[in-house]
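# Coordinate analysis (summary)
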Amino acid sequence: DSCYISGNLSGLMCVHTVKGPDAVRMLNENFVNNFTNMPVGAVRHGIMTTCKGHVIEHGVVVRVAEDAFDTYAFQPYINFVAERGKYDVTITATPMGDFIYQLAGPRSLEIVENSIKKDIHDLKFMRSCEAEIAGHKVRVTRMGMGGTLSYEVHGPQSASEDVYNAIVEVGKPYGIEKLGWLTYQCTHTENGFPQIGQHFPYPFDEEEGFDAFQKKIGFLFDPLLLPTLGTLSDDIHDYYRNPIELGWEKMVKFDHDFNGREALEKIAASRHRVMVTLEWSSEDIIDLYASNFRKDGKHYRQFPLPFDQQANGFGNAQDKVLSASGEMIGAAMQAIYTDYYGKVISLCVIDPDYTNEGTDVTVLWGNKGDDIKEIRAKVARFPYLNLIDNRSYDMNSIPRYQG
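This text gives an overview of the structure that appears in the document. Note that the structure is predicted; figures quoted are calculated from it, not measured.

Rules used in this analysis
Residues numbered from 1 in each chain as written. Predicted model: local features only at pLDDT ≥ 70, side-chain atom pairs only at ≥ 80, totals over all residues. Heavy atoms only, no water. 1 Å grid on protein atoms, 1.4 Å probe; cavity = no way out; pocket = protein on both sides within 12 Å on 5 of 7 lines; lining within 4 Å. Points joined across faces, edges and corners; volume = space filled by probe spheres on them. Helix = DSSP H or I, 4+ residues; strand = E, 2+ residues; numbered from the N terminus. Nonpolar A, V, L, I, M, F, W, Y, C, P; charged D, E, K, R; others polar. Salt bridge = Lys/Arg side-chain N within 4 Å of Asp/Glu carboxyl O. Buried < 20%, exposed > 50% of the residue type's maximum accessible area, 1.4 Å probe, protein only. Pairing = 2+ DSSP bridges. Axes fitted to C-alpha atoms, helices over the stretch in contact; angles between N-to-C directions. Contact = heavy atoms within 4.5 Å.

## What to know about empty space enclosed by the protein
- What the rule picks out here adds up to 1 cavity of 30 Å³ or more.
- If you add up the space inside the largest cavity, you get close to 150 Å³.
- Looking at the largest cavity, it is lined by 18 residues, and the ones nearest its centre are Arg-301, Asp-308, Ala-317, Gln-334 and Ala-335.
- Elements that contribute at least two residues to the lining of the largest cavity include exactly strand S13 (318–322) and strand S14 (328–338).

## Things to note about the layout of surface pockets
- Here the second largest pocket is characterised by a volume of approximately 790 Å³.
- Surrounding the second largest pocket, 29 residues form its lining, Tyr-4, Glu-190, Tyr-340, Leu-385 and Leu-387 being those nearest its centre.
- Where the lining of the second largest pocket is concerned, the elements lending two or more residues are strand S1 (3–6), strand S11 (176–178), helix H5 (181–190) and S14.
- Considering only residue class, the lining of the second largest pocket consists of 15 nonpolar, 9 polar and 5 charged.

## Comments concerning the pattern of salt bridges
- A complete count under the given rule lists 28 salt bridges for this structure.
- Among the salt bridges present, the one from Glu-66 reaches Arg-63, with a minimum N-O distance of 3.7 Å.
- Among the residues examined, Glu-66 registers a relative accessible area of 58% and is labelled exposed.
- According to the relative accessible area criterion, Arg-63 is buried, its value standing at 5%.
- Two residues, Glu-83 and Lys-216, come together in a salt bridge whose shortest N-O distance is 2.7 Å.

## Description of the sheet that holds strand S15 (residues 343–350)
- Taken in spatial order, the 6 strands of this closed barrel run S12-S15-S14-S13-S16-S17, and their pairing is antiparallel. Here the average twist between neighbouring strands, direction ignored, is 40 degrees.
- In the sheet, strand S12 (residues 274–280) pairs with S15 via 6 bridges, with the strands oriented antiparallel. By the bridge assignment for S15, Glu-279 is matched with Ile-345.
- Strand contacts of H5: S14 and S15, with the helix running at about 140 degrees to S14, the strand carrying the most contacts.
- Against the sheet, helix H8 (residues 282–290) contacts S12, S15, strand S16 (360–365) and strand S17 (373–380), and its axis sits at roughly 150 degrees relative to S17.

Structure, rendered in structure tokens:
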């Protein structure tokens, strides 16, 4: 009922400005999105896929001019496709990235408006505007991982402390809270927004020539070297995910040619897995801890709160999900403990026959060599967060900035 501020993404994502006559063509040919008619100032969740249709990078794209886009979190793959396609563009990198402050909750707009000292009630969802905080130019966007009313404030790292302190000071009368890193990552699961490196791994081995490109620039990440954690499979390729099963089908536009289109058209035309939330049995989670105190019997892999960080940053931990008859029907991705709801939940890609809320399933929990625990779970609402959605928030219910 208040607002949080999160600076957890600041400095983590290199910002690349793609500018030039071929900027739109380059993005269209390498993203599932179509950027042709995207207005200047608009913000989009951009998704890049491999030739096999698996998500290889995704993040935020902002159109800053007719021939220029700011892109967040697409390195180094966006640099690779720019070189491979020989596009007439220049890519300018901000190596440490912008600061990115996320504010979410019913008081977030009041705090943002009083920080920038102007009324932005009419700023639509996934739109941005230029503003100023503490004498520094910033970009404000109406978006974020809060799931409910959310905003982001972006700007240069040189201004990060001034802007952060100014926002926190403005926010004190509104009960602003500082959000930590672990809790921030839980919002992706609560909000039904899977994250690469957290819920599923990077399929960097699927694009021919990308390995050589990484070596050339002095960066190398080989997913084939990752251990496969959880009970899903011994093959890391089974952990890769496509945007359709992740719930992003509406963003996949088959009105233009792009890398991975043929593979995704086949998936879209077939029976395919869909995204749901699983709510795990609290009794069975408690039994994981209780197994530590039994002198005889099985000792299970533990469930650290709020989630197991062993695979975090790589996304290589997923677990088998079984039907009531024991058939494998899906894969559960990074379960989390949500403090707000007092439950363990996970995102899950599941066969379409098992998507009804209340459907009973079983998650096989453990790593290779562990005693495997069968954990009861139910298909729950998706997304699990049941606050008012950002898109449909009644802006007239919020006091306007008066100056």
